[in-house]
Amino acid sequence: MNADYVLGIDVGGTKIALGLVDASGRQVAGDRIPTHAEAPPAVTVQRMVDRVHALMDEAGISEDAVRAVGIAFAGPLDPVEGRILTPPNLPTWHNFPVVDVVEAALGKPAYLENDANAAALGEAQYGAGVGVKNMVYLTVSTGIGGGAVLDGRLFRGETGAACELGHIKIVYNGRECGCGGRGCLEAYASGTALAKRAQEAVAAGEPSSLAELAGGVQHIRAETVVQAMDAGDELATRLWRETMEYLSAGVGSLVNTFNPRRIVVGGGLSNAGERLFGPLREGMRRHAMAPLAEVAEIVPAKLGDAVGVIGAAAVAWERLGEKS
Ligand SMILES: [Zn+2]
């Protein structure tokens, strides 16, 4: 093969996804390896490099055909210095200069990006945001994250940490959030928050089938709420409706802030499909200002589990100045 590729690497707390991606966003080879959180990161990088060389051999891709490396990492990180800061689930990686080490090991330019921002760029370039200049990406799963692509470019902010969309405030002095603040969107509308609110309601004695369905109050998950709602459970229905209202308030604020053409929603909770997208579209129109709401459409993400690698690759292509 003579075409050019970049290597996309998505480093998570338990696994690392690797892929060789061409300029049209097609992954031609890829794999997942365990992160081994306790291992020194230099050892982990060497395992990644070994696997990448094997992938190149298997796919018949020469060393010269790989132009650059994009690394998506669950922050906090410094994308300018190419350094990991203090990820709570990967303590051995604290202050690790990942870009320098990867560049030395592979002999290619490497670029580091917060994983949610990389995912936003991936969806914008190759997924549900194709053809749109202004897009906001929101992932709603155990946490809430996102990014914004504005005028066709990833919006990074002053230190590359822009768009912590899970931590926009929707309730003044509200529930405690994992970020140390209060009243954040994530503390109300993430899958974890929905499960917690459901557990609290059941523990407070509200009648519901949730505990029985889950096999115990502490086992209630967001999926349990959806399942119970489908079976007509009143508490589950109310909790879901409230969650959609919180999410709509957050998305309404994003529409008012960024004036996007499209809001792309991914993550585990979006698997609820129209149960989520229906109320979210309706709620966003109530919460956002009319002229901005009119041009904003809310659509499901397209890249699924591939978004980590494709997003990292999109970062590499953008930095290389390539536009497919
Ligand atoms: Zn927060």
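All of the points below concern the structure found in this document. (Residues numbered from 1 in each chain as written. Predicted model: local features only at pLDDT ≥ 70, side-chain atom pairs only at ≥ 80, totals over all residues. Heavy atoms only, no water.)

Scanning all chains against the criterion turns up two cavities of 30 Å³ or more. Taken as a whole, the second largest cavity holds about 50 Å³ of empty space. Taken together, Leu7, Val52, His53, Met56, Glu63, Val66, Val69, Leu106 and Lys108 form the lining of the second largest cavity. At the level of elements, helix H1 (41-59) and strand S4 (66-73) are the ones that each hand at least two residues to the lining of the second largest cavity. At three residues, the largest contribution of residues to the lining of the second largest cavity is made by H1. (1 Å grid on protein atoms, 1.4 Å probe; cavity = no way out; pocket = protein on both sides within 12 Å on 5 of 7 lines; lining within 4 Å. Points joined across faces, edges and corners; volume = space filled by probe spheres on them. Helix = DSSP H or I, 4+ residues; strand = E, 2+ residues; numbered from the N terminus.)

This next bit is on the nonpolar core. Across soluble globular proteins, nonpolar side chains show a tendency to be buried alongside one another. Grouped together as the largest cluster of nonpolar side chains are 45 residues, with contacts concentrated most on Leu210, Trp240, Leu247 and Leu276. Those elements that place two or more of their residues in this core are strand S8 (135-140), strand S9 (144-150), helix H5 (191-203), helix H7 (222-230), helix H8 (234-258), strand S11 (262-266), helix H9 (274-287) and helix H10 (290-295). The biggest single contributor to this core is H8, with ten residues. Those residues in contact with Leu247 that lie beyond four places of it in its chain are Leu138, Val140, Ile144, Leu185, Ala189, Leu276 and Leu280. Counting 33 residues, the second-largest nonpolar core is a separate cluster that includes Leu18, Met56, Ala59 and Trp93. (Core = buried A, V, L, I, M, F, W, Y, C linked by side-chain atoms within 4.5 Å. Buried < 20%, exposed > 50% of the residue type's maximum accessible area, 1.4 Å probe, protein only. Contact = heavy atoms within 4.5 Å.)

What follows covers helix H3 (residues 115-126). The first and last C-alpha atoms of H3 sit 16 Å apart over twelve residues, in line with the 16 Å expected at 1.5 Å per residue. In terms of residue burial, H3 counts as a mostly covered element, since ten of its twelve residues are buried. If you check which residues of H3 are buried, you get Ala116, Asn117, Ala118, Ala119, Ala120, Leu121, Gly122, Glu123, Ala124 and Tyr126. Structurally, the start of H3 carries an N-cap: the backbone nitrogen of Ala116 is 2.9 Å from a side-chain oxygen of Asn114. (Expected span 1.5 Å × (residues − 1). Polar contact = N/O pair within 3.5 Å; in protein donor to acceptor, adjacent residues only side chain to side chain.)

For the rest of this paragraph, the subject is the sheet that holds strand S1 (residues 5-11). The sheet built from five strands is open, its strands ordered S3-S2-S1-S4-S7 with mixed pairing. The sheet is open, and its two borders are formed by strand S3 (27-34) and strand S7 (110-114), each paired with just one other strand. Pairwise comparison of adjacent strand axes, ignoring direction, gives a mean angle of 15° for this sheet. Both strand S2 (residues 15-22) and S3 contribute to a ladder of seven bridges, which runs antiparallel. Across the sheet, residue Ala17 finds its bridge partner in S3, namely Arg32. (Pairing = 2+ DSSP bridges. Axes fitted to C-alpha atoms, helices over the stretch in contact; angles between N-to-C directions.)

Taken as a whole and judged by the stated rule, the model has 18 salt bridges. A salt bridge links Asp22 to Arg26, with the shortest nitrogen-to-oxygen separation between them at 3.4 Å. Assessed through its relative accessible area of 10%, Asp22 is described here as buried. One salt bridge in this structure joins Glu245 and Arg286, with 2.9 Å as the shortest N-O distance. Here Glu245 is found in helix H8, whereas its partner Arg286 is found in helix H9, with 41 residues between them in sequence. Under the relative-accessibility criterion, Arg286 is labelled partly exposed at 46%. Residues participating in the shared-partner salt-bridge network are Glu113, Arg153, Arg156, Glu318 and Arg319. (Salt bridge = Lys/Arg side-chain N within 4 Å of Asp/Glu carboxyl O.)

Let us look at the coordination of the zinc ion. Binding of the zinc ion to the protein goes through His167 (ND1), Cys177 (SG), Cys179 (SG) and Cys184 (SG), at separations of 2.0 to 2.4 Å. Every donor counted, the four donor atoms about the zinc ion form angles of 103 to 119° at the centre, which fits tetrahedral coordination. In the primary sequence, the donor residues of the zinc ion line up as H-x9-C-x1-C-x4-C. We classify Cys179 as partly exposed; its relative accessible area is 44%. (Donors = N, O, S within 2.8 Å, 3.2 Å for Na, K, Ca; no water. Tetrahedral: all angles 85-135°; square planar, octahedral: opposite > 155°, others 65-115°.)

Attention now goes to the packing of H5 against H8. Viewed as axis vectors pointing N to C, H5 and H8 meet at an angle of 140°, and their least axial separation amounts to 11 Å. Judged by the angle between their axes, H5 and H8 are oblique. In the crossing of H5 with H8, the sense of the turn from one axis to the other is right-handed. Contacts between H5 and H8 involve Leu194, Arg197, Ala198, Ala201 and Val202 from the former and Leu235, Leu239, Trp240, Glu242, Thr243 and Tyr246 from the latter. Tallied by class, residues from the contact of H5 with H8 come to eight nonpolar, one polar and two charged. (Parallel < 35°, antiparallel > 145°, perpendicular 65-115°, else oblique. Left-handed = near helix turned anticlockwise from the far one by under 90°. Nonpolar A, V, L, I, M, F, W, Y, C, P; charged D, E, K, R; others polar.)

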